[in-house]
Amino acid sequence: MKLNFIGKSLMFINLILLILQLILMGTFGGFYYYPFLNLMVPFIVLINCLFFIFWIIKLKWPFVMFIFSILIGHTEWERLYKLPNNAIPVSKGLKLMSFNVRLFNSYNWIDKENIPESILSFVNQESPDILCLQEFSKEFSPSFEKYPYNYIQSSSKNGQNGLSILSKFPLYNKGFIPFENSNNGAVYAEIFYKRDTLRIYNLHLESLRINFKDTLLTSVNSQKFINRITNVIKKQEAQMAEFEKIDKNNLHPSIICTDLNNNAFSKIYKGIKNKRLDAFSIAGNGLGGTYNLANFPFRIDFIFFDPKMEIIDFNTYNINLSDHNPVSAVLRWK
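All values reported here derive from a predicted model rather than from experimental measurement. (Residues numbered from 1 in each chain as written. Predicted model: local features only at pLDDT ≥ 70, side-chain atom pairs only at ≥ 80, totals over all residues. Heavy atoms only, no water.)

Asker: Describe the overall build of the protein chain, naming the residues involved and giving the relevant values.
Answerer: Along its length, the protein chain carries nine helices and 14 strands. Relative to its length of 334 residues, the protein chain is compact, with a C-alpha radius of gyration of 21 Å against a globular reference of 20 Å. Over its C-alpha atoms, taken along the principal directions, the protein chain stretches across nearly 70 × 50 × 40 Å. Counting the 334 residues in the protein chain, one finds 50% classified as buried. Taken as a whole, the protein chain presents about 17,200 Å² of accessible surface, with 56% of it coming from carbon and sulfur. Side-chain charges in the protein chain split into 35 positive and 26 negative, and the spacing between the mean points of these groups amounts to 7 Å. (Helix = DSSP H or I, 4+ residues; strand = E, 2+ residues; numbered from the N terminus. Rg over C-alpha atoms; globule rule 2.2 N^0.38 Å. Buried < 20%, exposed > 50% of the residue type's maximum accessible area, 1.4 Å probe, protein only. Areas by Shrake-Rupley, 256 points an atom, 1.4 Å probe, with all protein chains shown as cover. Lys, Arg positive; Asp, Glu negative; His and termini not counted. Charge placed at Lys NZ, Arg CZ, Asp CG, Glu CD.)

Set out below in structure tokens:
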């Protein structure tokens with residue numbers, strides 16, 4: 001059970017990473033001075049899990065540090081991982097789906113034919129009442145005939161690409177929130193549901209634009225990468241402020257479908273979510289990854305809903321029709 005010098009060194013590194021994990025996950029309050037580090041939470045958790053397995057295999061006592069960290073920060077873990085729930089929902093409610101469709105594969109990123117038709121088939125099979133699509137393309141979109149009401153808005157003047165809200169319910173009081181110097185934005189509309197008015201937001205924040213060419217192996221590249229990510233997050237914060245200007249004047253319960261382009265441990269997540277509930281954190285399953293970065297599942301697509309509602313069901317769909325996985329939630333009034 002005793003540790004040699006190497007074991008003590010590894011234990012010290014593990015301890016530092018566990019403390020950092022708890023801080024970044026918000027166990028001791030929000031930590032947003034270095035937003036790049038908040039993005040790294042899933043990777044830090046993965047490293048700590050590997051340490052835990054290592055200590056278990058070696059039958060060394062430091063494995064208890066990981067268990068202790070879970071006991072301290074169990075509430076925050078719900079934003080990262082949910083244990084499987086095999087209960088079958090029996091109640092019906094309002095079903096919403098959020099999906100970044102990546103322009104319906106208009107540039108053939110996926111080597112597969114008929115992506116728009118496959119997306120249409122998937123949507124018709126799942127049959128959400130409200131469908132919020134990011135990176136919507138007017139030119140390549142299939143005909144969503146089962147959704148007679150829609151609000152489609154280009155994110156740039158006279159553009160073809162942007163955001164859409166497709167609905168089986170009539171849409172009222174529609175609006176667009178443009179973001180300065182950006183191809184992203186937000187749209188909203190209101191519906192009457194069960195004798196009450198409900199506002200639906202479809203929100204798409206600035207992309208982090210992380211790809212396989214990015215590297216942290218040299219100090220020069222590392223600093224450039226961190227600076228770029230930090231600048232994008234600052235832009236996201238400005239976009240969040242634009243959203244909040246509109247939302248503060250909203251008098252109705254609201255639901256947000258969003259490609260946040262940030263994770264659940266960020267200042268952006270906390271600000272957009274505000275007093276709403278995260279559908280995945282209550283009724284999700286597993287890691288709930290909606291975007292793969294270096295084969296690691298990140299959850300950057302969310303559905304937030306008003307506390308006046310309760311969730312019946314939540315799903316993350318693992319389908320190869322975009323670079324994002326769609327998510328859906330079934331909600332009802334309390």
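More follows now that the structure is in view.
Asker: An account of the packing of helix α3 (residues 41-58) against helix α4 (residues 63-72) is needed here, citing residue identities and associated values.
Answerer: Packing of α3 against α4 brings their axes to within 8 Å, and their N-to-C directions diverge by 135°. With respect to their mutual orientation, α3 and α4 come out oblique. In this structure, α3 contributes Asn48, Cys49, Phe52, Trp55 and Ile56 to the contact, and α4 contributes Phe63, Phe66 and Ile67. (Axes fitted to C-alpha atoms, helices over the stretch in contact; angles between N-to-C directions. Parallel < 35°, antiparallel > 145°, perpendicular 65-115°, else oblique. Contact = heavy atoms within 4.5 Å.)

Asker: Kindly report on the packing of helix α1 (residues 5-24) against α3, identifying the contributing residues and their values.
Answerer: At their nearest, the axes of α1 and α3 sit 10 Å apart, and the two run at 145° to each other. In this structure, α1 crosses over α3, and the sense of that crossing is left-handed. Residues Gly7, Leu10, Met11, Ile13, Asn14, Leu17, Leu18, Leu20, Gln21 and Leu24 of α1 pack against Val41, Ile44, Val45, Ile47, Asn48, Phe51, Phe54 and Trp55 of α3. Across the contact of α1 with α3, the residue classes break down as 14 nonpolar, four polar and no charged. (Left-handed = near helix turned anticlockwise from the far one by under 90°. Nonpolar A, V, L, I, M, F, W, Y, C, P; charged D, E, K, R; others polar.)

Asker: Break down the sheet that holds strand β7 (residues 196-204) for me, with residues and values.
Answerer: The sheet built from six strands is open, its strands ordered β5-β6-β7-β8-β12-β9 with mixed pairing. The open sheet has two free edges, formed respectively by β5 (172-178) and β9 (277-278), since each of these has just one partner strand. (Pairing = 2+ DSSP bridges.)

Asker: Pulling in residues and values, what's your account of the sheet that holds strand β1 (residues 94-100)?
Answerer: Pairing within the open sheet is mixed, and its six strands lie in the order β3-β4-β2-β1-β14-β13. Of all strands in the sheet, those bounded by a partner on one side alone are β3 (149-154) and β13 (309-316). When the angles between neighbouring strand axes are averaged without regard to direction, this sheet yields 15°.

Asker: Please provide a residue-by-residue account of the pattern of salt bridges, values included.
Answerer: Under the defined criterion, the tally for this structure stands at eight salt bridges. Aspartate 323 serves as the salt-bridge partner of arginine 102, at 3.5 Å between the closest nitrogen and oxygen. You can see arginine 102 sitting in the loop between β1 and α6 (115-126) and its partner aspartate 323 sitting in the loop between β13 and β14 (327-333), a full 221 residues away along the chain. For glutamate 206, the salt bridge is made with lysine 235, and the minimal N-O distance between the two is 3.7 Å. Remark: lysine 235 occurs in helix α7 (residues 219-247) and glutamate 206 occurs in the loop between β7 and α7; sequence separation between them is 29 residues. Classification of glutamate 206 as buried rests on a relative accessible area of 6%. (Salt bridge = Lys/Arg side-chain N within 4 Å of Asp/Glu carboxyl O.)

Asker: Any chance you could break down the packing of aromatic side chains for me, citing the residues and the numbers?
Answerer: Across all of its chains, the model carries 21 aromatic pairs by this definition. Residues phenylalanine 169 and tyrosine 193 carry aromatic rings whose centres are separated by 6.0 Å and whose planes lie at 85° to one another, so their mutual orientation is edge-to-face. Of this pair, phenylalanine 169 sits in the loop between β4 (161-167) and β5 while tyrosine 193 sits in strand β6 (residues 185-193), and the two are 24 residues apart along the sequence. Three or more aromatic residues joined by ring pairs form one cluster here, namely Phe52, Phe63, Phe66 and Trp77. (Phe/Tyr/Trp six-rings, centres within 6.5 Å; stacked < 30°, edge-to-face > 60°.)

Asker: Give a description of unusual backbone geometry that names residues and reports values.
Answerer: With phi around 60°, asparagine 105 is a residue other than glycine that occupies positive phi space. With respect to the element layout, asparagine 105 can be found in the loop between β1 and α6. In this structure, glutamate 135 is a non-glycine residue whose phi angle is positive, near 55°. Inspection of the secondary structure puts glutamate 135 in strand β2 (residues 130-137). Assessed through its relative accessible area of 24%, glutamate 135 is described here as partly exposed.

Asker: Give a detailed account of the environment of alanine 241, specifying residues and quantitative values.
Answerer: With respect to the helices and strands, alanine 241 occurs in helix α7. Separated by 30 residues in sequence, alanine 241 and glycine 271 place their C-alpha atoms 8.8 Å apart.

Asker: An account of α1 is needed here, citing residue identities and associated values.
Answerer: Across its 20 residues, α1 extends 29 Å between first and last C-alpha, which sits within 8% of the 28 Å expected from 1.5 Å per residue. Within the sequence span of α1, burial applies to Gly7, Met11, Asn14, Leu17, Leu18, Gln21, Leu22 and Leu24. On an axial view of α1, the arc spanned by its buried residues comes to 160°, and they lie on one face. Turned more than 90 degrees off the buried face of α1, the exposed positions are Phe5, Lys8 and Phe12. Between the side-chain oxygen at the start of α1 and the backbone nitrogen of isoleucine 6 there is a gap of 3.2 Å, and the oxygen is on asparagine 4. Looking one or two places after α1, you find glycine 26, whose phi comes out positive at around 90°. (Expected span 1.5 Å × (residues − 1). Arc of directions from axis to C-beta. Polar contact = N/O pair within 3.5 Å; in protein donor to acceptor, adjacent residues only side chain to side chain.)

Asker: Describe α6, listing the residues and the values that go with them.
Answerer: In this model, α6 (twelve residues) spans 16 Å end to end at C-alpha, consistent with the 16 Å of a helix rising 1.5 Å per residue. Along α6, the residues that are buried comprise Ile115, Pro116, Ile119, Leu120, Phe122, Val123 and Glu126. The buried residues of α6 all sit within an arc of 160° when viewed along its axis, so they share a single face. Residues of α6 that are buried make contact with β1 and β2. Positive phi appears at serine 127, one or two residues downstream of α6, with a value of about 50°.

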